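The chain contents come next:
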Amino acid sequence: MLIYIAHYHKQVITNFQCFSSLRHDDLKEMLDSNKDSLKLEAMKRIVAMIARGKNTSDLFPAVVKNVACKNIEVKKLVYVYLVRYAEEQQDLALLSISTFQRGLKDPNQLIRASALRVLSSIRVTIIVPIMMLAIKEAASDMSPYVRKTAAHAIPKLYSLDPEQKDQLIEVIEKLLADKTTLVAGSVVMAFEEVCPERIDLIHKNYRKLCNLLIDVEEWGQVVIINMLTRYARTQFLNPNMNESLLEEGSDKTFYGSDEDEDEEEEEEKDKKPYVMDPDHRLLLRNTKPLLQSRNAAVVMAVAQLYFHLAPKAEVGVIAKALVRLLRSHSEVQYVVLQNVATMSIKRRGMFEPYLKSFYIRSTDPTQIKVLKLEVLTNLANETNISTILREFQTYIKSMDKDFVAATIQAIGRCATNIGEVRDTCLNGLVQLLSNRDELVVAESVVVIKKLLQMQPEKHSDIIKHMAKLTDNIQVPMARASILWLIGEYCEHVPKIAPDVLRKMAKSFTNEEDIVKLQIINLAAKLYLTNSKQTKLLTQYVLNLAKYDQNYDIRDRARFIRQLIVPTEKSGALSKYAKKLFLALKPAPVLESPFKDRDHFQLGSLSHLLNAKAGGYQELPDWPEAAPDPSVRNVEVKDSVRAVGTVIYRDTGSSEEEERKHERKSKQRKSESESESDEEEDSESESSQTESEDSESEAEVKKKKKVLKKTHFKHSNMNICMYSCQCSFISFQAAESKPPSKPVKKDNKKEKKEMSLLDLDDCKLFFLNLFFKLSALKENTKVMALTSTISPSSALKSYEMLHRITGEGLSVEYCFSRQPFSPDANMVAVQMQFTNNATSDTKNLHMEDVKLQSGMRVKEFPEIELLPAGEMVTAVMGIDFCDSTQAANFQLCTHTRKFFVSIQPPVGELMRPVFLTENEFKKEQGQLMGMNEITEKITLDVKCRNEHSIVQRVITAANLSRVPCGSDKECRFAGRTVTSSSLVLVTVATKEEGAAKLTINCEKMVIGTMLVKDILLALTQ
Amino acid sequence: MILQQQISVELNMRNSPSDPPCQSALFKGGHQNITFHQHVNPSQFIVWELLQDGPICRRLFSNSGNFWHTGTISCNIPELAAEMIHSLFLINHSGDIFLEKHWKSVISRSVCDYFFEAKEKAVDPENVSPVLQTPHHYLITIYRDKLFFLSVIQTEVPPLFVIEFLHRVADTIQDYFGECSESVIMDNVVTVYELLEEMLDNGFPLATESNVLKEMIRPPTILRSVVNTLTGGSNVGDTLPTGQLSNIPWRRAGVKYTNNEAYFDVIEEIDAILDKSGSTVFAEIQGVIEACVRLTGMPDLTLSFMNPRLLDDVSFHPCVRFKRWESERVLSFIPPDGNFTLMNYHVSSQNLVAIPVYVKQSITFFEMGPCGRLDITIGPKQTMGKTVEALMVTIHMPKAVLSANLTPTQGNYTYDLATKVLVWDIGKLNPQKLPNLRGSLSLQAGAPKPEDNPSLNIDLKIQQVAISGLKVSRLDMYGEKYKPFKGVKYLTKAGKFQVRT
């Protein structure tokens, strides 16, 4: 391979030399020389040419040879060259790759980083796999600087080959977990470029990012803050929830003062109280100091975060910092003012104290002036309007005419928004009509027109004044505005209007199109109100318009003639001509161009342009209900050991685990060794049920206590109730492991001993129970099954809430297989709450149950107090409607809410029924065809005897054994809990572990699912 | 705007009609790459192309001359994010591009035409909008020292991010070469290019801290350039930058000085608008503390004030520990080496701002005849007992003013006919003999009388006083044994100080 490359290299070089021998010969000679100084000189000249935009691609072969040059400056310049031209000279660029690959293995971290940087900057598709490999390796490098470089390389590779996305996301995920500030900014940047939609990757790193933020370099801070803004919008609730509803409801609050809103808020006290997620608070708290950053981009990023995420009362803090930025370069001012303009519409109060900071200086660039004007207009209210108008008056005298025009419009907007000053403004504007500058006059006319529309009857003198202006003013827009005004209010100026029309008719042909249209308009309106004087004039104007070059004007003339001049042919519409033309028109609303711009994330390019830029990530709306906040919980290493070992642990070593261990008393460890099967009468059955509910009066008080403490399901005992009178208790010997570590604290030790004692008590208790029951056995009907059944080890328990996500509270549940006494159609679910936290948990209850249709839930009674370190059980009932759909609900404590769900395995959706062999066969005969599912299986080696088959099937599903004559067949029967459909299971064993599993069930879905479960139980 | 497009092309691609359809093909055309990957069936391919401009179909056909193809092309355009800053162009005042740097693939300099168009329209270079939208790119420009720094952006990025970065580039050039001008940049073009290479990686800022940069690329000195010429040595540091690896990237390790010194300049600027009658429309004080710290090792400094309550709003160099400021109102920091801006502050607006001078002025243009009169007198007002120095008045005259015939009692004046700017350089203000400028202005014949009177911009300096009254009480150093020289200097300047007429 190397030989090939070398050969190829030679060939290519000769080729190139032929082509480009005419140019840059001197440079090539210098590059080929042995002296570093000559090489350096040549490279400097080449880089200078690149900088000027000259093409030096023909030197590629000569330059690339020097990639391994010892002189560091030559090397660096070669890199510069290489990155610039590699894309155009892909084949030759490959020659340099091996140098970088060597560099990636260098013991010096900085060399590794720089090799990766250059390698990833070479945009040659063929090396994508090499880059991928390099990035993956660098991502687990010891040096954070190399890892940072890896993060930088990710978007480069992604833009080269987007198909690597999945692999790159893995790297990003890994780097996001990095705890150094050096990496944080760069990896979030990579995240934003490659997979901004994968918000789930952030959960576990959220708190860390918040805490690192202050120490991250400034550019990284900007990227992280922007990303976290989006994240927070998806994960937390709107802190202004209640207010925003009000704001939508009435415009008054929008313009009204803040006090009003506050008062109204208080009235709405009955609304759900809003509690801010602590993580939301964390973000706001940790970003606030960055408002003091020297970097304008960081300040802006924090400002937008506060604007989009903070409660209304807290947003104010950003105003001061934003105003400070107005002292910065004019480009910074420009961007900041754009954002302030948007903010000042939503939150005017925030900037009011800084009103004077937005005063305009004659030296400001025009675009800054216009933006400041916009802010001033937004900030205007009854109290400050006089100051603002005084300030505007000085602006009108400015030399900058665009700015003057903008000021006049701003005055117009103030006048429409604040009724008190409308007349003052109007008078001021009328004075401007005598201004020397035509642009000023024209702009005033346009604004006056808009203002007059609000109350025309008062201002006929102004209209008259304006009518006179038609002789002088030439700006088409202004002329058109005047004509429209006269036409619209011709009744207020009955004498002047026809005269104006006369003049206009004379100059019609020389007017601009918009003016012509308004002349036709005026003519039509006058014709309708004063046809005596204007009939001929109108005819004349319409005739002129008929032959106009512009088809809009011709069309308009034709249309208006038909409409106003009554002829025989004219339709029904002409009757309404007056109504059509002289209808009352609503006054125009003068709105800020920045209104509603805040749907773009502030500080973004898209916001600035008021158009979505490529790659813009929408700022999502707040969620209606907060997603599960526990996703952000992270295991703290030193306090708790490995996750996920809570339920099925084989080795207990840490203190905490051990304590739990003993409390729960393992069931899995012990080889399930049933000591007896027993049947019991209904009396004892009910007492058992009650004792599970922790409410019964057990025979011995102490034992009852023990029973409560020693969780039923996790105790070494398993109680199964058979629906009729038959029930049995299996009691497995407890084999709790002795503590392997000495206990440090005394109180803990005591506790431990206590629990050990409890356990023994428990054992005793059940042994007693067992003997009592076996005595009973003599008196009751003996069931054949009792001798054969050796029930399963234990009921399997499932995790509902892990102690990490639950912040100390852990919940497990199991299906107790007991009839749920309040409602026979419900499946009993027993839950065990353990408080691992150091503080008490209060008011444990459930809320907000989300169910599929038909499903029902009977909630467990509220647990008022769960002291720290204690455990409590409760039972709830769920009617799953014979489906395996999960029941979702919120588990609430006095402080927190957790989203949890219970999903039943299909085997728990049934209850056992007792059938005789004949009944079984009869029922089976009726459930053939579609209702029968047969599966051939090979039994697990350990499960070839009848005993273990029965045990496994009963563990998998809540069924009862049906007596059977043949030892080759095991039969089980049950009914689904909700619809009482029969479920019949037959396992017929054959030679060498082969077996046939048959399930007959009316409900085919249940049948299919059950087959899978039992199959798994028997074969695994 | 759109960087990459996904196009599914139903083509039968063969090198010749008899060949089987190719499994994958690589096209080359300029800096464009089109790669074909087999997809679904041999006749259908997915194409990824880096699209610069122009419709994709054209390029596809014009570049595929070697291949036979039949079928149709359909496009769907997924939006892919691109890097932040794509390219940088430096443009001088007269509109020549004299340097270009691309951090990704090359973008033709014709993209700047949109900027030139906007520049044509604007009267003043400052009036060119900093953000321009073109069909495929966004241009973000800053104007510094008569140069335009024009960056090309392809996708969403916070505009301030780019603007702040461009200013940082200009600052760095200024820091390295003493000034930021076309001639200086072109004289040091290789160093500038190397700097740009280090400052940005793939469009994302990498090393912007001057200390880190100086470790990698040494700023030129006369001595070194002589030595380099003789020995063939280089400006590129042979040590690799350790600053980037440390927790305090702004300070390099192993700093040594024989004279250890720390100087702080408290500079305050008065921003004010005075109206015709001389009353204050708006005034505020903005301050900055510039530091020059040359201390050996890793000193940990604490700077405290006599009256920190004056400070209303502050922004800090990243070295300042924000928590200590919050709790104790002292500046605690490990300083960068050399010159840096320690903090910026704004003085609480509750305090009345002392206005050091008053201005009596009258500028009138006569209705009859093309002339006007100008009479300006400046006197001291609240100077805290210090002398006002470097007093200067700048007036932007209306366009109609052709020339000025004035007599100053002190200093001298110039009137620039092209820009219509009148500058009166007064110098020291003598309270005994107030400076006055009076005389006539001649207007363009026939032009209407200017509507407005120009406003006066005042420049001044007062040494040894911070007008807000802010005082540094002490500077303590921890972490090092030696005793440094310490010094604090105060200075008050006029900022945006404007008198309306």
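Under an unreviewed UniProt entry, the name given to chain B is AP-3 complex subunit mu-1, and the organism recorded is Sander lucioperca. Turning to chain B, the UniProt annotation filed under Function (unreviewed entry) states: "Part of the AP-3 complex, an adaptor-related complex which is not clathrin-associated. The complex is associated with the Golgi region as well as more peripheral structures. It facilitates the budding of vesicles from the Golgi membrane and may be directly involved in trafficking to lysosomes."

You'll find chain A entered in an unreviewed UniProt entry as AP-3 complex subunit beta, with Sander lucioperca given as the organism. Of the comments in the UniProt record for chain A, the one headed Sequence similarities (unreviewed entry) reads "Belongs to the adaptor complexes large subunit family."

Caption draft 1: Geometry of the overall build of chain A. Helix and strand content of chain A: 43 helices and 17 strands. Here chain A holds 1020 residues, and the buried ones make up 57% of them. Contacts in chain A between residues far apart in sequence, at least 24 positions, make up 68% of those at least 6 positions apart. Accessible surface, chain A as shown: approximately 45,200 Å² in total, 52% of it carbon and sulfur.

Caption draft 2: A look at the pattern of salt bridges. Applying the stated criterion across every chain yields a total of 60 salt bridges over all chains. Asp 279 of chain A is the salt-bridge partner of Arg 207 of chain A, the closest N and O atoms lying 2.7 Å from each other. Note that Arg 207 of chain A is positioned in helix 12 (residues 206-212) and Asp 279 of chain A in helix 17 (residues 278-287), a separation of 72 residues in sequence. The exposure class assigned to Arg 207 of chain A is partly exposed, which follows from its relative accessible area of 24%. The class of Asp 279 of chain A is buried, set by a relative accessible area of 5%. As a salt-bridge pair, Glu 209 of chain B and Arg 294 of chain A come within 3.5 Å of each other at their nearest N and O atoms. Pair noted here: Glu 209 of chain B is in the loop between strand 12 (204-205) and helix 6 (210-216) and Arg 294 of chain A is in the loop between helix 17 and helix 18 (296-309), and the two residues belong to different chains. Its relative accessible area of 16% is what places Glu 209 of chain B among the buried residues. Linked by salt bridges that have partners in common, Lys 76, Arg 117 and Lys 156 of chain A together with Glu 198 and Asp 201 of chain B make up one network.

Caption draft 3: Looking closely at the packing of helix 9 (residues 144-160) of chain A against helix 11 (residues 181-194) of chain A. Residues and elements named next belong to chain A. Remark: helix 9 packs on helix 11, axes separated minimally by 8 Å, with the N-to-C direction vectors making an angle of 10 degrees. Of the possible angle classes, the one that applies to helix 9 and helix 11 is roughly parallel. Crossing angle aside, the handedness with which helix 9 passes helix 11 is left-handed. For the pair helix 9 and helix 11, contact is made by Pro 144, Tyr 145, Arg 147, Lys 148, Ala 151, His 152, Ile 154, Pro 155 and Tyr 158 and by Leu 182, Val 183, Ser 186, Val 187, Met 189, Ala 190, Glu 193 and Val 194, respectively.

Caption draft 4: Spatial organisation of unusual backbone geometry. Positive phi, normally seen in glycine, also occurs at Asn 843 of chain A, with a value near 50 degrees. In this fold, Asn 843 of chain A is placed in strand 6 (residues 841-850). Although it is not a glycine, Gln 464 of chain B sits at a positive phi angle of roughly 60 degrees. Exposure remark for Gln 464 of chain B: the relative accessible area of 59% places this residue in the exposed category.

Caption draft 5: Representation of the pairing of strand 19 (residues 357-365) of chain B within the structure. Residues and elements named next belong to chain B. Of the two faces of strand 19, only the one carrying Val 357, Val 359, Gln 361, Ile 363 and Phe 365 is buried; Tyr 358, Lys 360, Ser 362 and Thr 364 on the other face are not. The pairing of strand 19 with strand 20 (residues 371-380) spans nine bridges and is classified as antiparallel. Looking across to strand 20, one finds that Val 357 is bridged to Pro 380.

Caption draft 6: Just a nonpolar patch on the surface, in detail. Residues Leu 573, Tyr 576 and Leu 580 of chain A make up a contiguous nonpolar surface patch of roughly 320 Å² in combined accessible area. Considering the arrangement of structural elements, one finds Leu 580 of chain A in helix 34 (residues 577-581).

Caption draft 7: Broad picture of the packing of aromatic side chains. All chains considered together, the criterion is met by 24 aromatic pairs over all chains. Ring centres of Trp 219 of chain A and Phe 165 of chain B lie 6.0 Å apart, and the angle between their planes is 75 degrees; on these two criteria the pair is classed as edge-to-face. Residue Trp 219 of chain A is located in helix 13 (residues 218-235), and its partner Phe 165 of chain B is located in helix 3 (residues 159-177); the two belong to separate chains. The same class applies to Trp 219 of chain A and to Phe 165 of chain B, which are both buried. Where Tyr 143 of chain B meets Phe 148 of chain B, the ring centres are 4.6 Å apart and the plane angle is 40 degrees; that geometry is what we call tilted. When sorted by exposure, Tyr 143 of chain B lands in the same class as Phe 148 of chain B, which is buried. Cluster of aromatic residues (ring-pair linked, three or more members): Trp 219 of chain A together with Phe 161, Phe 165 and Phe 204 of chain B.

Caption draft 8: Looking closely at the interface of chain A and chain B. With 97 residues of chain A in contact, the opposing surface of chain B contributes 106 residues. In this assembly, chain A and chain B are joined by 11 salt bridges. Across the contact surface, chain A and chain B share 38 residue pairs in polar contact (both at pLDDT 80 or more).

Caption draft 9: Examining the sheet that holds strand 6 of chain A more closely. All names here are of chain A. Taken in spatial order, the four strands make up an open sheet running 8-6-10-11, and their pairing is antiparallel. Among the strands making up the open sheet, the edge pair consists of strand 8 (863-866) and strand 11 (897-902). With strand direction ignored, the average angle separating the axes of adjacent strands in the sheet is 35 degrees.

Caption draft 10: Molecular detail of the environment of Tyr 231 of chain A. Residue and element names in this part refer to chain A. Structurally, Tyr 231 can be placed in helix 13. It is 9.1 Å that separates the C-alpha atoms of Tyr 231 and Leu 619, two residues lying 388 residues apart in sequence. Engagement of the side chain of Tyr 231 in a polar contact is seen with the side chain of Arg 632, the distance being 3.2 Å.

Caption draft 11: Here's a closer look at helix 9 of chain A. Residue and element names in this part refer to chain A. Between the first and last C-alpha of helix 9 there are 25 Å, a value that for 17 residues agrees with the 24 Å anticipated at 1.5 Å per step. Within helix 9, 16 of the 17 residues are buried, which leaves the element mostly enclosed by the surrounding structure. For helix 9, the N-terminal cap is Ser 143; the gap from its side-chain oxygen to the backbone nitrogen of Tyr 145 is 3.1 Å.

Caption draft 12: Up close: helix 6 (residues 90-103) of chain A. Residue and element names in this part refer to chain A. Between the first and last C-alpha of helix 6 there are 20 Å, a value that for 14 residues agrees with the 20 Å anticipated at 1.5 Å per step. The largest bend in helix 6 amounts to roughly 30 degrees and is located at Ser 96. Along helix 6, the residues classified as buried are Gln 90, Leu 92, Ala 93, Leu 95, Ser 96, Ile 97, Thr 99, Phe 100 and Gly 103.

Caption draft 13: Molecular detail of the nonpolar core. Of all hydrophobic cores here, the largest spans 272 residues; its most connected members are Phe 358 of chain A together with Phe 149 of chain B. A total of 12 residues in this core trace back to one element, the largest contributor, which is helix 18 of chain A. When residues of this core are assigned to domains, at least three fall in each of domain 2 (85-208) and domain 3 (261-353 + 467-499) of chain B. One finds Ala 272, Leu 342, Val 401 and Leu 460 of chain B within the second-largest nonpolar core, a separate group that totals 75 residues.

Analysis parameters
Here the residue numbering is sequential within each chain, running from 1 through the sequence in written order. Chain letters start at A and ligand numbers start at 1, both assigned in the order the entries are written. This being a predicted model, a pLDDT of at least 70 is required before a residue's local features are given, and a value of 80 or more before pairs of side-chain atoms are given or counted; all residues contribute to the totals for chains, interfaces and linings. Hydrogens and water molecules were not included; the side-chain quantities draw on all heavy atoms of the structure. UniProt positions are given in the numbering used here, feature names are shortened, and annotations may be inferred rather than shown by experiment. Helix and strand labels come from DSSP, where a helix needs a run of H or I of at least four residues and a strand needs a run of E of at least two; each type is numbered from the N terminus. Buried means the residue's accessible area, taken with a 1.4 Å probe over protein chains only, is under 20% of the maximum for its type, while exposed means over 50%, and partly exposed covers the values in between. Contact definition: two residues touch when any of their heavy atoms are within 4.5 Å. Per-residue and other accessible areas follow the Shrake-Rupley method at a 1.4 Å probe size, with only the shown protein chains counted as cover for residues. Criterion for a salt bridge: a side-chain nitrogen of Lys or Arg within 4 Å of a carboxyl oxygen of Asp or Glu. Only C-alpha atoms enter the line fits that serve as axes; for helices the fit covers just the stretch in contact. Angles between N-to-C directions range over 0 to 180 degrees. Angle categories are assigned with fixed cut-offs, so that under 35 degrees is roughly parallel, over 145 is roughly antiparallel, 65 to 115 is roughly perpendicular, and the rest are oblique. A crossing counts as left-handed when the near helix is turned anticlockwise from the far one by less than a right angle, and as right-handed when that turn is clockwise. Strands were regarded as paired on the criterion that DSSP finds at least two bridges between them. Exposure above 30% relative accessible area and the lack of any salt bridge qualify a residue for a patch; like charges then connect within 9 Å, and the nonpolar side chains Val, Leu, Ile, Met, Phe, Trp and Tyr within 5 Å. Two aromatic rings from Phe, Tyr or Trp, using only the six-membered ring of Trp, form a pair when their centres are within 6.5 Å; if the ring planes differ by under 30 degrees the pair is stacked, by over 60 it is edge-to-face, and anything between is tilted. Under the rule applied, a polar contact is a pair of N or O atoms within 3.5 Å (in protein, one hydrogen donor and one hydrogen acceptor; residues adjacent in sequence only if both atoms are side-chain atoms). To estimate how far a helix should reach, multiply one less than its number of residues by 1.5 Å. Here the bend at a residue is taken as the angle between two axes, fitted respectively to the seven residues that end there and the seven that start there. As used in this record, nonpolar core signifies buried Ala, Val, Leu, Ile, Met, Phe, Trp, Tyr and Cys residues forming a set joined through side-chain atoms within 4.5 Å. For the purposes of this description, domain bounds are those given by an automatic or database domain assignment.

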